[in-house]
Structures are given as C-alpha cells and as structure tokens.
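# Architecture and fold: a report
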Amino acid sequence: MLLHTIAEVREQIRIWKKQGLTVGLVPTMGALHEGHLSLIKKSVEKCDKTVVSVFVNPIQFCPGEDFEKYPRTLDADREMAESAGVDIVFAPSAAEMYGEGHIMSNDFLTYVIPPFFYVNKLCGKSRTGHFDGVCTVVNKLFNIVQPDFAFFGEKDRQQLIIIKKMVKDLSIPTEIIPCPIVREADGLAMSSRNKYLNEQERKDALVLKNILFNIKSCYNSGIKDTEALAETAFNFLKSCHSLEYLEFRDKNDLELKKTADKDTIVFIAVKIGNVRLIDNISLEN
Ligand code: AMP
C-alpha cells in the first residue's frame, strides 16, 4: 500500500507490532533501480513486513545541488517495490515531514548532527550539512517506522558508517544491515544519478571502477603503501575527469590509512561533466 502520512504509517506499524511481527525499513530517495532492489529483497527475506520510504529529502541537499531536478518516479517505484513484496511504500511530502513553511530553514528544525570527525572528510567536505540532513531524516524515519532492521547500501559507505555511529551513540533499537554495491554489467555502480549521464559521459564514468579495481589488484599483488596505490590512478584519469577525492580510510572510523590492510576502504569521487559520482571498494579478501 502507498501511504503519504506519518499517522497512517504509525497506525499500520502499531497493528503489526501488536501481532509480534518484525519490521524492516529501506530508506530511499526513489528512482528505484537494482541497487535499491537488492536492499528491498534482503529486507523482505529477513523481516515479516517491509517498509520502503521514498522521499527526496530537501534538507540533505546543499544550495546549487540537484534537489529540483532529482528524478521522481513514484508510480514506477511503487510498482517495483510492491512486486518485490514490500508492504508499505511511504512517500511523504516535505511539508508532512518538516511542517509547512519550515522546510528549508534549519532555524526552525531540530537536527541530528553527526560527529565532526566523520563529516569533515570525503563527501562531507564538499557537501556542507549533507550528513546532518541525512541523520535527521533517518532518525525521523526510524521514529515513525520503529524498524527492527534497516538496510543501507555500501554504495554510500560514508553514510552507512555515520548511520551506524548514530545508532550506537543514540542507543536506537534498530539493527543496521549493510548491503553490497550492485553494479551494471560493465562495473559502473548503480545510482539514480547515472540517468544524468549522456552517452560519452556514461563511458567516461567507468573511470571510477577502473581505478578502484586496479588499486585492489595492485594491493593483492603486494603494494600496501597507500601513496603508491593512489599513484596508479593517474594512468586512468583523462582531462574530462575531475577527481574530487581518492582516499584510503578505515572501514569503522574513517581514520586515514598510510598502509593499506583488510580494514581499508578506498573511496573515490569524480565529476564527469556536471555529474558527481561516488564509488568505493573494500580491500578485504
Ligand atoms: P538513495 O535513493 O540514493 O538515497 O539510496 C537509497 C539506499 O540505496 C542507500 O542505502 C544506498 O546506499 C542504496 N543504494 C543505492 N545505490 C546502490 C547500489 N548500486 N548498490 C547498493 N546499494 C545502493
């Protein structure tokens, strides 16, 4: 069923909890693809009931980002979610979530602010306030849905680490289930933003996975110094690629790594034309 209000969702959750059923939550911004579907399938498999939220959260977009043009495909999303066995698609308006008139102004909203150490790097560096918006909406969704399990993709690895930290620090009674990155046949990590790429840019976008996969094979062949590993990236970068970051960080606390090991995640962000793409790879196994 498709629900638009917090009250309707709460009522349904109340009934399920009374019946002793477990609830899984998959938070999304819609424009669902196979990546989202993998999270949904995991939830449907693990939980008695699954809620998918579809909400393009205005407070996690920075000025000048793509909030207005972000793809909105609710009918198709609903169809995809329900055929995968989802029980509730929760698609609130911004006014339902944040109240009329207070939508874009953080002067009138209580925020959940993740620790500075986790947000002053990688995507948080160029997207000021982004993770405040993410943590605030995820916390709100947790309070509305009260999920036993919530499913997050490793595609947004910094987000996943920050959400896990929030859940621990605030003693939120929800278990976070990480889900592996789903890629297109040629290796590009699936993303709703891939829709913005033209034909040439779609080809150029393979640079992210080429760099990451190459670093992993160099690591496996014995190179552990992260500076040396990072240098291998330059063989792949062309003038059409603008590298925002390529960093080696710890999978738990995002500490910078000088020497790569099994706990290292390699994070990359590249701008292809006007489209900013992110990807990452774990050096474990
Ligand atoms: P979004 O709609 O982009 O906010 O993503 C919603 C959830 O789906 C997040 O937890 C993402 O990490 C996850 N997700 C998006 N793309 C992928 C992908 N290619 N593989 C795995 N998870 C993904």
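Below: a short report on this structure.

This part is about the pairing of strand S2 (residues 23–28). Of all six residues in S2, six are buried, a share of seventy percent or more. With burial as the criterion, each face of S2 is covered, one bearing Val-23, Leu-25 and Pro-27 and the other bearing Gly-24, Val-26 and Thr-28. By the bridge criterion, six bridges tie S2 to strand S3 (residues 49–54) in an arrangement that is parallel. From the neighbouring strand, Gly-24 faces S3, where its bridge partner is Thr-50. Read from S2 through helix H2 (residues 34–46) to S3, the crossover connection turns out right-handed. Across two bridges, the pairing between S2 and strand S5 (residues 149–153) is parallel.

Enumeration according to the criterion identifies 17 salt bridges in this entry. A salt bridge links Glu-82 to Arg-78, with the nearest nitrogen and oxygen atoms 3.2 Å apart. Of this pair, Glu-82 and Arg-78 are both found in helix H3 (residues 74–83), four residues apart, which corresponds to roughly one turn of the helix. Relative accessible area serves as the criterion here: at 31%, Glu-82 is assigned to the partly exposed category. A salt bridge links Lys-165 to Asp-169, with the shortest nitrogen-to-oxygen separation between them at 3.2 Å. Of this pair, Lys-165 and Asp-169 are both found in helix H8 (residues 157–169), four residues apart, which corresponds to roughly one turn of the helix.

In the sheet, S5 pairs with strand S6 (residues 175–179) via five bridges, with the strands oriented parallel. Its bridge partner being in S6, Phe-151 is matched across the sheet by Ile-177. For the crossover from S5 across H8 to S6, the handedness is right-handed.

Read across the open sheet, the three strands follow the order S7-S8-S9; overall the sheet is antiparallel. Two strands bound the open sheet, and with one partner strand each, they are strand S7 (241–250) and strand S9 (275–282). With strand direction ignored, the average angle separating the axes of adjacent strands in the sheet is 15 degrees. Strands S7, strand S8 (264–272) and S9 of the sheet are contacted by H8, whose axis makes an angle of about 130 degrees with S8.

Our focus in this paragraph is the sheet that holds S3. With respect to topology, six strands assemble into an open sheet ordered S1-S4-S3-S2-S5-S6, the strand pairing being parallel. In this open sheet, the two edge strands, each paired with only one partner strand, are strand S1 (2–3) and S6. In the sheet, S3 pairs with strand S4 (residues 88–90) via three bridges, with the strands oriented parallel. Along S4, the bridge assignment pairs Ser-53 with Phe-90. Helix H1 (residues 6–18) rests against S1, S2, S3 and S4 of the sheet, and its axis sits at about 150 degrees to S4.

Another point: the packing of H1 against helix H7 (residues 130–145). Interhelical geometry of H1 versus H7 gives an angle of 50 degrees and a closest axis separation of 8 Å. Looking at the two axes, H1 sits oblique to H7. Here H1 contributes Ile-6, Val-9, Arg-10 and Ile-13 to the contact with H7, which in turn contributes Asn-143, Ile-144 and Val-145. Class assignment of the residues belonging to the contact of H1 with H7 gives a composition of five nonpolar, one polar and one charged.

Overall, the coordinates contain four aromatic pairs when judged by the stated rule. Aromatic side chains Phe-55 and Tyr-98 sit 6.1 Å apart centroid to centroid with 50 degrees between the ring planes, which places their arrangement in the tilted category. One end of the pair, Phe-55, is in the loop between S3 and H3; the other, Tyr-98, is in helix H4 (residues 94–98), and 43 residues separate them in sequence. For the pair Phe-55 and Tyr-98, one class covers both residues: buried. Ring centres of Phe-61 and Phe-67 lie 5.3 Å apart, and the angle between their planes is 65 degrees; on these two criteria the pair is classed as edge-to-face. Since its relative accessible area comes to 10%, Phe-61 is described here as buried. Three or more aromatic residues link up through ring pairs in this structure, and these residues are Phe-61, Phe-67 and Tyr-70. It is Lys-46 that lies over the ring of Phe-149; its NZ or CZ is 4.7 Å from the centre. Over the ring of Tyr-196 we find Lys-69; its NZ or CZ atom is 4.3 Å from the centre of that ring.

Parameters at a glance
- Residues numbered from 1 in each chain as written.
- Predicted model: local features only at pLDDT ≥ 70, side-chain atom pairs only at ≥ 80, totals over all residues.
- Heavy atoms only, no water.
- Buried < 20%, exposed > 50% of the residue type's maximum accessible area, 1.4 Å probe, protein only.
- Helix = DSSP H or I, 4+ residues; strand = E, 2+ residues; numbered from the N terminus.
- Pairing = 2+ DSSP bridges.
- Right-handed = clockwise from strand over helix to strand, strands pointing away.
- Salt bridge = Lys/Arg side-chain N within 4 Å of Asp/Glu carboxyl O.
- Axes fitted to C-alpha atoms, helices over the stretch in contact; angles between N-to-C directions.
- Contact = heavy atoms within 4.5 Å.
- Parallel < 35°, antiparallel > 145°, perpendicular 65-115°, else oblique.
- Nonpolar A, V, L, I, M, F, W, Y, C, P; charged D, E, K, R; others polar.
- Phe/Tyr/Trp six-rings, centres within 6.5 Å; stacked < 30°, edge-to-face > 60°.
- Lys NZ or Arg CZ within 6 Å of the ring centre and 35° of its normal.

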